[in-house]
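Next come the chains, spelled out residue by residue.
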Amino acid sequence: MHIRLGILLGAIALVGLSACATSVSGPSASAELQARSGSSVSGRVSLVETSGGLRVEAQVAGLSPGEHGFHVHEVGDCSAPDASSAKGHFNPAGKAHGHHASSERHGGDMPNLVANAAGEARFSGVVSGLTLSGPNGVVGRSVVIHADPDDYKSQPAGNSGKRVACGVILAR
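About the thresholds
Residues numbered from 1 in each chain as written. Predicted model: local features only at pLDDT ≥ 70, side-chain atom pairs only at ≥ 80, totals over all residues. Heavy atoms only, no water. Helix = DSSP H or I, 4+ residues; strand = E, 2+ residues; numbered from the N terminus. Buried < 20%, exposed > 50% of the residue type's maximum accessible area, 1.4 Å probe, protein only. Contact = heavy atoms within 4.5 Å. Core = buried A, V, L, I, M, F, W, Y, C linked by side-chain atoms within 4.5 Å.

Colleague: How do you make sense of the environment of Val139 when you look at a structure like this?
Modeller: By secondary structure assignment, the location of Val139 is in the loop between strand E7 (121-127) and strand E8 (142-146). Given the relative accessible area of 35%, Val139 is considered partly exposed. Note: C-alpha distance between Val139 and Ala31 (108 residues apart in sequence) is 9.5 Å. Setting aside its immediate chain neighbours within four residues, Val139 contacts Ala29, Leu132, Ile169 and Ala171.

Colleague: Please explain the nonpolar core as it appears in this structure.
Modeller: Generally speaking, soluble globular proteins have nonpolar side chains that are buried together. In terms of nonpolar packing, the biggest core is built from 28 residues, with Leu47, Val56, Val60, Phe70, Val138 and Ile145 touching the most fellow members. Every element with two or more residues in this core is listed here: strand E1 (28-35), strand E2 (42-50), strand E3 (53-61), strand E5 (70-73), strand E6 (113-115), E7, E8 and strand E9 (163-168). Residue contributions to this core peak at four residues, all from E3. Core analysis: the second largest hydrophobic core is formed by five residues, Ala83, Ala86, Val144 and Cys166 among them.

In structure tokens, the structure reads:
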């Protein structure tokens, strides 16, 4: 009797936990990062559209330890050796550069990546105000990682230094 009750309670708990799990099954895109400005940075950024914005997941290697500016840029062109071909931050609302959690910011302003002692960074979070398509869409634009942290206040781009990686955002 106790065994059956235990199995039944375990099954109920499993069903309950499954219902609480968040599903990431919306439209998606990704960007393969290419080293720029003489760096050896590599990685991948995945983007999934959710009801709250874009879920952004990044896995990056080859960074110097510490914080690095991380932004969506206007143009999906990483051909320049310094990634200047990606142009400025994606800014569909024409706002000043700011903190990623503020409503007064570029659409492409995201949290700094933080690299560990081995130069590896992982990020997972939802960026509000962005979509994959439409006026706030990021597909066809680029993701850029900078050498220095974004200070979230300097205009026009947060004083985050040279562009050490760039990847064009493509629909999957």
